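Structure at a glance
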Amino acid sequence: MSHLNDPKVLIALDFDDEEAALNFVNQLSPQDCRLKVGKEMFTYFGPEFVKKLIAKDFDVFLDLKFHDIPNTVAKAVVAAAKMGVWMVNVHASGGPEMMIKAKEALLPFGEKAPLLIAVTVLTSMDADELSRLGVTKSPQEQVLYLATLAKQSGLDGVVCSAQEASSLKDKFGKNFKLITPGIRPQGSEIGDQKRIMTPKLALENGSDYLVIGRPITQAEDPVAALAAINLSL
Ligand SMILES: O=C(O)c1cc(=O)[nH]c(=O)n1[C@@H]1O[C@H](COP(=O)(O)O)[C@@H](O)[C@H]1O
């Protein structure tokens, strides 16, 4: 479902305890945030957990970053659509054929199809780490390269860092969604993220949605942390 006030924060629910996650979710409102379920929680608790969140009226971003042969990925995004998620993602480096097949597979769902988003260069990577993979382009150039493939393949947007958001917004326009993890409010722990930005600056740079995990979930008062971030936007 889509919400009138289009909350910008997508909370990364990276918990290993379902009860703790649901206790936290029960203090939240779908007016204030959307929820992201990633590899950890999906591997522990599966589609049933996702369905519980949807039943509470939350928009869910199923972040499983599919990267496989085109047929397998197309079938996986259909499974996500049947679950009723709002957004699902694949790795752009899976290639245009994979992305096109995935998008085509969602056509029968019409307006109910989830947004299909491509991950470009993970926000935990910098130029050094990219070069270890044999990629000699800068993160900025590689993000632009993969985002161009995603756009040409008909996807709805990309996951990138907020540091690349303004150039992508300029190039691809307002309808191409930019989902930005690596969000760190002033003073919060950076952890394993490398290409980071504050929530307010990320939005100013053209980000459509902010993926935020630990700065909220590990805060002493996660509900207050979310409220403070929403207020800062
Ligand atoms: O696709 C993602 O959501 C994602 C892509 C990316 O490039 N970087 C990234 O951190 N993420 C996810 O975003 C969340 C960030 O969490 P925190 O670093 O705790 O805020 C994690 O759940 C990651 O799996």
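Counting restarts for each chain: residues are numbered from 1 in the order of the written sequence. At least 70 in pLDDT is required for a residue's local features to be given in this predicted model, at least 80 for side-chain atom pairs to be given and counted, and no such filter applies to totals for whole chains, interfaces and linings, which use all residues. Side-chain measures were taken over the full set of non-hydrogen atoms in the model, leaving aside hydrogen atoms and water.

Mean pLDDT over the protein works out to 97, with 98% of the residues at or above the 70 mark. Prediction confidence for the complex, expressed as pTM and ipTM, is 0.97 and 0.99 respectively. A score between 0 and 100, pLDDT records how confident the predictor is in each residue.

In the sections that follow, a salt bridge refers to a side-chain nitrogen of Lys or Arg positioned within 4 Å of a carboxyl oxygen of Asp or Glu. As enumerated under the stated definition, the model contains 13 salt bridges in all. For Lys 8, the salt bridge is made with Asp 6, and the minimal N-O distance between the two is 3.3 Å. Residue Lys 8 is classed as partly exposed on the basis of its relative accessible area, which comes to 27%. Between Arg 132 and Glu 129 there is a salt bridge, with its nearest N and O atoms 2.6 Å apart. The rule is simple: take the accessible area with a 1.4 Å probe, protein chains only, and divide by the maximum for that residue type; under 20% is buried, over 50% is exposed, in between is partly exposed.

Right, let's get into the site of the ligand. Residues in close proximity to the ligand total 17 residues, the closest being Asp 14, Lys 36, Thr 123, Arg 184 and Arg 214. What qualifies as a polar contact is a pair of N or O atoms within 3.5 Å, subject to a donor-acceptor requirement within protein and to the restriction that residues adjacent in sequence count only when both atoms come from side chains. In the model, an oxygen atom of the ligand is placed 3.2 Å from a nitrogen or oxygen of the Lys 65 side chain. In this structure, Arg 184 approaches the ligand through a side-chain N or O atom, which is 2.7 Å from an oxygen atom. Accessible surface area values rest on a Shrake-Rupley calculation with a 1.4 Å probe, where residue burial reflects the displayed protein chains alone. Coverage of the ligand by the protein chains reaches 89% of its 510 Å² of free accessible surface. Here the term charged refers only to Asp, Glu, Lys and Arg, the term nonpolar to Ala, Val, Leu, Ile, Met, Phe, Trp, Tyr, Cys and Pro, and the term polar to all other amino acids, Gly among them. Residue composition of the shell around the ligand, by class: seven nonpolar, four polar and six charged. One heavy atom within 4 Å of a molecule or strand makes the whole residue count as near it.

An axis is simply a line fitted to the C-alpha atoms; with a helix, the fit covers only the stretch in contact. Between two such axes, the angle follows the N-to-C directions and lies from 0 to 180 degrees. A run of H or I in DSSP counts as a helix once it spans at least four residues, and a run of E counts as a strand once it spans at least two, with each numbered from the N terminus. Their axes nearest at 10 Å, the elements helix H6 (residues 139–152) and helix H7 (residues 162–172) cross at an angle of 40°. Comparing the axis directions of H6 and H7 gives the class oblique. The two elements H6 and H7 cross, and the hand of that crossing is right-handed. In this structure, H6 uses Gln 140, Val 143, Leu 144, Ala 147, Thr 148 and Lys 151 to contact H7, whose residues at the interface are Gln 163, Glu 164, Ser 167, Leu 168, Lys 171 and Phe 172. When the residues that make up the contact of H6 with H7 are grouped by side-chain class, the tally is five nonpolar, four polar and three charged. In this scheme, roughly parallel covers angles under 35 degrees and roughly antiparallel covers those over 145, while 65 to 115 is roughly perpendicular and the rest are oblique. For any pair of crossing helices, the crossing counts as left-handed if the nearer helix is rotated counterclockwise from the farther one by less than a right angle, and right-handed if it is rotated clockwise. The contact criterion used throughout is that any non-hydrogen atoms of two residues lie within 4.5 Å.

The next thing to look at is unusual backbone geometry. Even without a glycine there, the phi angle at Asp 57 is positive, about 80°. Mapped onto the fold, Asp 57 is located in the loop between helix H2 (39–55) and strand E3 (60–66). Classification of Asp 57 by relative accessible area gives partly exposed; the value is 38%. One non-glycine residue, Lys 65, adopts positive backbone phi at about 45°. On the secondary structure map, Lys 65 appears in strand E3.

Time to look at the pairing of strand E7 (residues 177–180). Any two strands between which DSSP finds at least two bridges are classified as paired. Summarising the sheet, strand E6 (residues 157–159) and E7 pair through three bridges and their orientation is parallel. When the sheet's bridge partners are listed, Val 159 is paired in E7 with Ile 179. Both E7 and strand E8 (residues 209–212) contribute to a ladder of two bridges, which runs parallel. Across the sheet, the residue bridging to Thr 180 is Leu 210, located in E8.

The span you would expect from a helix comes to 1.5 Å times its residue count less one. Between its first and last C-alpha, H2 extends only 20 Å over 17 residues, short of the 24 Å set by a 1.5 Å rise per residue. Phe 45 marks the point of greatest bend in H2, at about 105°, and the proline Pro 47 comes within the next four residues. Within the sequence span of H2, burial applies to Met 41, Gly 46, Phe 49, Val 50 and Leu 53. Contacts made by the buried residues of H2 are with helix H1 (18–25), strand E2 (34–37), E3 and helix H3 (70–83). One axis fitted to the seven residues ending at a residue, another fitted to the seven starting there: the angle between these axes is the bend at that residue.

Here we come to the UniProt feature "active site" (unreviewed entry) in the protein. UniProt positions are given in the numbering used here, feature names are shortened, and annotations may be inferred rather than shown by experiment. Residues annotated in UniProt with the feature "active site" (unreviewed entry) correspond here to Asp 63, Lys 65 and Asp 68. Of note, Asp 63 is situated in strand E3. Contacts of Asp 63, omitting those with residues within four sequence positions, involve Lys 36, Val 37, Gly 38, Lys 39 and Asn 89. Non-local contacts of Lys 65, meaning those with residues more than four positions away in its chain, are made with Lys 39, Asn 89, Val 90, His 91, Val 119 and Leu 122. Separated by 2.9 Å, the side chains of Lys 65 and Asp 63 make a polar contact.

Taken in spatial order, the eight strands close into a barrel running E1-E2-E3-E4-E5-E6-E7-E8, and their pairing is parallel. Each neighbouring strand pair of the sheet contributes to a mean axis angle of 25°, computed without reference to strand direction. Note that strand E5 (residues 115–119) and E6 share three bridges and pair parallel. Across the sheet, the residue bridging to Ile 117 is Gly 157, located in E6.

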